[in-house]
Amino acid sequence: MAQRIQGTEDLYGRYMRAWEYMCDTARDLFGSYGFDRIETPALEQVATFVHGIGESTDVVRKEMFRVFSGALLDRLLASGDEKSLKPKQRMAMRPEGTAGVVRAAVEHSFVPQGAAPVKLWYAEAMFRGERPQKGRLRQFHQVGVEWLGTEDPAADAECIIMLMEYFKCLGFDPSTLRLRINSMGDEKCRPAYRESVRQFIFDHKDEMCDDCLERANINPLRSFDCKNEHCQHVMKSAPLITDYLCDDCKQHYAQVKSYLGAAGIEYVEDPTLVRGLDYYTRTVFEIEVKDSEVGAIGGGGRYDGLMQLEGGKQTPGIGFAVGFERIYLALKAQGKDLETPAPSCVYVAATSQDERRAAFDVTLALRQAGIRTEADYQGRSLKSQFKQADKLNARLCVVLGPDEVSAHRATIRDMQSHEQVQVPFDDLAQEVKKRLA
Ligand code: AMP
């Protein structure tokens, strides 16, 4: 039997409706903040992610799924050297949404010089070659936003406010969430900070794991996220970005906090919060569920240098992404369901095969009137058709017997009260609509 790949999931039934609910909620809420939807390809050139996310990140180095056609793979295996491939032949499945959206913004010139900012949201599958475990998949789904063309700290605050509102709309009690924020500085002040963390790691090299020693050379800030308990202990006394922020970054951060305060958003400042991707500058944030093992359910930050890294003009930007599967798990652990109930329908039942043709006509007529309609396709008895109607969450049954059909009438049966009325075929759709309303 063919099986799905470990770390991937089929979305169907309740689970599919939950994902749709998350997308619909995003469309409504983000729409009210002025965001339009975008969808970029799941396949991008490797360069898009290398430039944006950073060569040294775990996502690019270890987790990105690379894609080769059979013919390309043959060539690659024959030459033994990936350099034989042209850049456009080096492809990867997107591990996150921001790099692709920013690539599209550069390619289509979404934010020409002097233009108003552009606000985009997406809901897409992401792919990372991680070791599958609960809440950590190889194909997962993210809803995210990108706001390009403004460095106003109000935009940072509004992004965070909208995100917290989103969690509320999905069913979270805000008091069960912890919002952590930090400023990672910018190209003026971060290099000195990185250097001091690198030096700190070298000064403690006998106490750090091999991964951290490797990180010290390429991306020392990642050591704050090391899973090794001993490294975590050592990193507690590492230098903090707060002491290195330049005046502009300090002021920007202070304004973000002041806007959040004005909107009544609770947050915890965490100077060790460094997000995993290289492109972040200034504001970064992450949301987790208190006393829960699902991990972060969302996060984001400002990326003022990313447009340039993707080959565009310097254009500031900020965004976030949240993970559908983790949100589903976290809400479930709180006894809440992230879904709308199965939609109700009208069921057309025929007392025998003699009324099958009439049932066919009535079913089509109801559907043409925009009513979600189901019918029997297995020649079941009337009793089991009613059972099926219950299973399908039908509020009304339209019953067709020989007498009704010869009189061009149908019986409408309310599935809850069992009340029945007969109406002419011509009035059926209107009567059904009236009763459903
Ligand atoms: P990131 O792009 O790593 O900041 O992730 C943003 C959000 O996506 C996280 O907060 C998670 O909710 C979700 N996420 C990230 N990686 C995975 C994964 N491998 N499986 C499921 N959800 C994930």
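Look up: the structure comes first, before these words.
Residues numbered from 1 in each chain as written. Predicted model: local features only at pLDDT ≥ 70, side-chain atom pairs only at ≥ 80, totals over all residues. Heavy atoms only, no water.

Novice: Can you help me understand the overall build of the protein in this one?
Specialist: Helix and strand counts for the protein stand at 16 helices and 16 strands. Its C-alpha radius of gyration of 28 Å places the protein more than 25% over the 22 Å reference for a compact globule of 437 residues. For the protein, the spread of C-alpha atoms along the three principal axes comes to 90 × 60 × 50 Å. Within the protein, contacts between residues at least 6 apart in sequence are counted, and of these 70% link residues at least 24 apart. (Helix = DSSP H or I, 4+ residues; strand = E, 2+ residues; numbered from the N terminus. Rg over C-alpha atoms; globule rule 2.2 N^0.38 Å. Contact = heavy atoms within 4.5 Å.)

Novice: Is there a simple way to think about the packing of aromatic side chains in this case?
Specialist: A ring pair, where both rings are aromatic, is described by two values, the distance of the centres and the angle of the planes. Under the criterion given, the structure shown has 12 aromatic pairs. Relative to F324, the ring of Y15 has its centre 5.3 Å away and its plane inclined at 40°; by these criteria the two rings are tilted. You can see Y15 sitting in helix 1 (residues 13-32) and its partner F324 sitting in helix 12 (residues 324-333), a full 309 residues away along the chain. Grouping residues by exposure puts Y15 and F324 together as buried. A ring pair is formed by F30 and W121, whose centres lie 6.1 Å apart and whose planes are at 80°; its orientation type is edge-to-face. Of this pair, F30 sits in helix 1 while W121 is found in strand 5 (residues 118-127), placing the two residues 91 residues apart along the sequence. Exposure class is identical for F30 and W121. Each is buried. An aromatic cluster is defined as three or more aromatic residues linked by ring pairs; in this entry it consists of Y15, W19, F324 and Y328. The ring of Y253 carries K257 above its face, with NZ or CZ at 4.2 Å from the centroid. Stacked on the ring of F386, the Lys or Arg R413 has its end atom at 4.5 Å from the ring centre. (Phe/Tyr/Trp six-rings, centres within 6.5 Å; stacked < 30°, edge-to-face > 60°. Buried < 20%, exposed > 50% of the residue type's maximum accessible area, 1.4 Å probe, protein only. Lys NZ or Arg CZ within 6 Å of the ring centre and 35° of its normal.)

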